[in-house]
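The primary structure of each chain is shown beneath.
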Amino acid sequence: MNLSRGAIVRILNGQTPESPVFQLINARKIGSSAANNAVDRYRLIVSDGDYMYSHVMLPAQHNHLIESGDMDNNAIIKVNKYLCNIVNGDRKVLILLDVTVTNKGSNVGDKIGDPTQINPAQIPSLSELNEPENNANRQSAMVGSGNGKGVLQVQNPVVNNKTATTPKANKVPTPGTPGSTRVHPIATLTPYQNRWRIRARVTNKSNIKTWNNSRGEGRLFNVNLLDESGEIRCTGFNDQVDQFYNMLELNKVYYISKCTLKTANKQYNHLNCDYEMTMNGETIIELCNDGDELPALTFDFIPISKLENSKPNSNVDVMGVVKSFKDVASIMTKANREVQKRDVSIVDQSGVAVNLTLWGDDAVKFEGDGFPILALKGARVSDFGGRSLSVSSGTTMMINPDTKEAHTLRGWFDSEGRNREFSSFQSDGASGSSQSTNWKTFSQAKMENLGQGDKADYFTAKGTVVFLKRDNCMYQACPTPECNKKVINLGNGLFRCEKCAREFPNFKWRMILSTNIADHSDNQWVTCFQDSAEVILGLKADELGAMREEDEIGFDNVMQEALFKPYIFRLRAKMETYNDENRMKTVCMTANPINWLDYGNHLLEELVQMGV
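Details of the overall build of the protein
Along its length, the protein carries 12 helices and 33 strands. With 612 residues in all, the protein has 46% of them scored as buried. A separation of at least 24 residues holds for 63% of the contacts in the protein among residues at least 6 apart in sequence. For the protein, the computed accessible surface area is about 31100 Å², with 46% contributed by carbon and sulfur atoms.

Quick look at the pattern of salt bridges
Scanning the entire structure with this criterion turns up 15 salt bridges. Across the pair aspartate 414 and arginine 410 runs a salt bridge whose closest N-O atoms are separated by 3.6 Å. One end of the pair is aspartate 414 and the other is arginine 410, both in helix H6 (residues 404-415) and four residues apart, which spans about a single turn. The class for arginine 410 is partly exposed, based on a relative accessible area of 21%. Across the pair glutamate 448 and lysine 440 runs a salt bridge whose closest N-O atoms are separated by 2.8 Å.

Some points on the confidence of the model for the protein
On average, residues of the protein score 82 in pLDDT, and 86% of them are at 70 or above. No element of the protein has a lower mean pLDDT than helix H7 (residues 434-437), at 43, and none a higher one than strand E30 (residues 513-518), at 95. Note that pLDDT drops below 50 for residues 32-38; the model gives that stretch six contacts with residues more than four away or on any other chain. Low confidence marks residues 427-436, where pLDDT is under 50. Its contacts with residues over four positions away, or in another chain, come to 15 contacts.

Some thoughts on the sheet that holds strand E28 (residues 502-504)
Here we have three strands laid out as an open sheet, ordered E26-E27-E28, and antiparallel in their pairing. Two strands close off the open sheet at either side, each with one partner strand: strand E26 (488-489) and E28. Examined bridge by bridge, E26 and strand E27 (residues 495-497) share two bridges and lie antiparallel to one another. Within E27, the position partnered with asparagine 489 by the bridge is phenylalanine 495.

Here's the deal with a nonpolar patch on the surface
A surface patch of nonpolar side chains, about 310 Å² in accessible area, is lined by Leu604, Leu607 and Met610. By secondary structure assignment, the location of leucine 604 is in helix H12 (residues 596-609).

Concerning the pairing of E30
Regular strands place their side chains on alternate faces of the sheet. The buried count for E30 comes to five of six residues, which makes it a mostly enclosed element. Across five bridges, the pairing between strand E24 (residues 457-469) and E30 is antiparallel. Note that in E30 the partner of phenylalanine 467 across the bridge is asparagine 516. Looking at chain direction, E30 and strand E31 (residues 523-528) are connected through six bridges and run antiparallel. Following the sheet pairing, leucine 513 is matched in E31 by cysteine 528. Where E30 folds back onto E31 in an antiparallel hairpin, the turn is made up of four residues.

Cut-offs and rules
- By convention here, each chain's residues receive numbers from 1 onward along its written sequence.
- Totals for whole chains, interfaces and linings use every residue, but because this is a predicted model, local features are given only for residues with pLDDT of at least 70 and side-chain atom pairs only at 80 or more, for both listing and counting.
- Neither water nor hydrogens contribute to the side-chain values; these are computed over all heavy atoms in the structure.
- The helix and strand labels rest on DSSP assignments: H or I over at least four residues marks a helix, E over at least two residues marks a strand, and numbering proceeds from the N terminus.
- Summary of the burial criterion: residues with accessible area below 20% of their type's maximum are buried, those above 50% are exposed, and those between are partly exposed, where the area comes from a 1.4 Å probe applied to protein chains only.
- Contacts are assigned to residue pairs that have any heavy atoms within 4.5 Å of one another.
- The Shrake-Rupley method, run with a 1.4 Å probe, gives the accessible areas here. Residue values count only the displayed protein chains as cover.
- Salt bridge criterion: a side-chain nitrogen from Lys or Arg within 4 Å of a carboxyl oxygen from Asp or Glu.
- Each residue carries a pLDDT value, the predictor's own confidence for that position, ranging from 0 to 100.
- By definition, two strands form a pair when at least two bridges between them are found by DSSP.
- Each patch is built from residues lacking any salt bridge and having more than 30% relative accessible area; the joining distance is 9 Å for like charges and 5 Å for nonpolar side chains (Val, Leu, Ile, Met, Phe, Trp, Tyr).

See the structure below:
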């Protein structure tokens, strides 16, 4: 394939030749910086046969081409998409966004022609294209790479992209400023730019999350943004939560500029985009009222009955009617953090029900009365209980959407689905088998050293409450839904939460109940948090807290009446270190009154397995 002679000069002078063909002369790695979490990148020298240029960058997502040896020195490359930007005021850098290697350098063998090296400070004009042999005085040594930090400051991009056009600079305002009509497609954004503006639709908006680590604590949220060229995630922290969270609404279109761009962390970001955006103090977001032509949120629904064909941990789009739902429950995560969850059963015309788990604010704020319709995009599939679904941070959930599919589902449910019997997914083996719930006696749990490994062990046991520690079983907590931190009584009618750094005129009661549970084989001390403690005591925490302050005898009676009652417990066992001493900690995940019919069937299954 012939090289695109003169293409480099044309690009540097503002033209956009389509898919130019260059030869790679050399590639040099620019090391990453641990301080700014950058990644390794390659700086290239490329030739078009007449000229060669040293201010050329390869985005990190294409590093594999060089590291695998496919794109070696003297290789012929076809540049399908590129970007030319001005850095440090007057230096132009060429960024190769999409590259195809058409011939390896080992096959080509040597440099093609006798190209003249271009001095970035003295770029030839278009009139000089046909006279490369008279421009020897333009040769110069290679210069440094931008600001020396591995990051290029860019402005005034010239884009070669079949999905985008570049208006003439003298007809539009400066990009990245309010009122600018110049819009950059999401697919062309790179960390090498600092002046860009996108117009995109919000297709997903997470709840506000809190984080706490060695560097401090804070809040964050993220949104997914979609335009004709692609989709990208944008995250806001702390001040940006206050500034933009309520402003950004699902399915609306916005102009967004001056965010920080970095390589996407694929552990948490599953969008098909190499980069992600972070809001900062200079970020500008404006509502766009004329974005109807932008693609809207689309679904690819599958029937609930087809979930058995979906792989665990995959994401699917599902629509269903809420057939039933449970109260909010509190569980402990592996990080020893309490979170709220709610289980919801949804059904559709396929005749199958599936359990859907909502977490955090989604669980607390959910209202299931009236059989609402849920449309879920990107719900996470699990093999728990055969098949189940959960809403993650990347899931978009719409309640009673105004769509044709939702209206059809509503008509079916109201006419016949409401009174229909639905089948459900089952675990491998018989329904409710002991294997699926890991039934153990307390002596078996100890003999098998459950909880002694690196990960926590979960098991189910039938036990009877034989003792309750009433001291320190309750505390006054922050009244906000997302915070359960203990508050400080200031003595002036106000209560301070150090985590939220706020003072409140009220509080909520929370329970941490230390319980001794026994079966026929042994006993076990178990920590019961809010949800399971309320089941055992038969009262809500607020009612019990008021009773403790106003009616101590009644409080003691509640504790006494809770003894010697049996439950089915779902337990989590994990060895923990406290004051340099290892000890087993067992936490109650759920406590349910015994359904004697189901428990009898379980015992029959065990007898069958023993060959009785």
